Amino acid sequence: ELEEARKVNERCLAGREKVLGEDHKQTLGTVNNLGLVYHELKDYEKALEYYERALKGYEKTLGKTHPDTLMTVMNIANVYNDG
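Residues numbered from 1 in each chain as written. Predicted model: local features only at pLDDT ≥ 70, side-chain atom pairs only at ≥ 80, totals over all residues. Heavy atoms only, no water.

(A) Representation of the packing of aromatic side chains in the model. On inspection of all chains with the given rule, the structure shows one aromatic pair. Look at Y38 and Y50: their rings are 5.6 Å apart centre to centre, the planes differ by 5°, and that puts the pair in the stacked class. Taken together, the residues Y38 in helix α2 (residues 25-40) and Y50 in helix α3 (residues 44-61) connect sequence positions 12 residues apart. Given a relative accessible area of 11%, Y50 falls into the buried group. (Phe/Tyr/Trp six-rings, centres within 6.5 Å; stacked < 30°, edge-to-face > 60°. Helix = DSSP H or I, 4+ residues; strand = E, 2+ residues; numbered from the N terminus. Buried < 20%, exposed > 50% of the residue type's maximum accessible area, 1.4 Å probe, protein only.)

(B) Layout of helix α4 (residues 67-82). Here α4 is 16 residues long and its end C-alpha atoms lie 22 Å apart, about the 22 Å a rise of 1.5 Å per residue gives. Looking at α4, one finds that the buried residues are D68, T69, T72, N75, I76 and V79. End-on, the buried residues of α4 take up no more than an arc of 115°, which puts them together on one face. Among the exposed residues of α4, those pointing more than 90 degrees away from its buried face are P67, Y80 and N81. Each element contacted by the buried residues of α4 is listed here: α2 and α3. (Expected span 1.5 Å × (residues − 1). Arc of directions from axis to C-beta. Contact = heavy atoms within 4.5 Å.)

(C) Structural view of the side chain of R6. Tracing the chain through its elements places R6 in helix α1 (residues 2-19). When neighbours within four sequence positions are excluded, R6 is seen to be in contact with L34, V37 and Y38.

(D) Looking closely at the environment of L2. Looking at where L2 falls in the secondary structure, it is placed in helix α1. Judged by relative accessible area, which is 33%, L2 ranks as partly exposed. Excluding its chain neighbours within four sequence positions, the residues that come into contact with L2 are V37, E40 and L41.

Shown next, in the form of structure tokens:
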């Protein structure tokens, strides 16, 4: 199921990047979701790649104290806790 989730999220990300742009909140949500999937797959390096990308976008568009930004910070911390 996780592999299917990865494939669907990657398809969604490609579409959202094309239609909404890389820094749109919905696009960044999909980037964060891919981080979650890779985290569950225990591919911590890839999870961090997606989380850090989401974090950079959220900080740029929503600010450092927005709940979505802080959620992504927590996700990064969880990777370090698990990895």
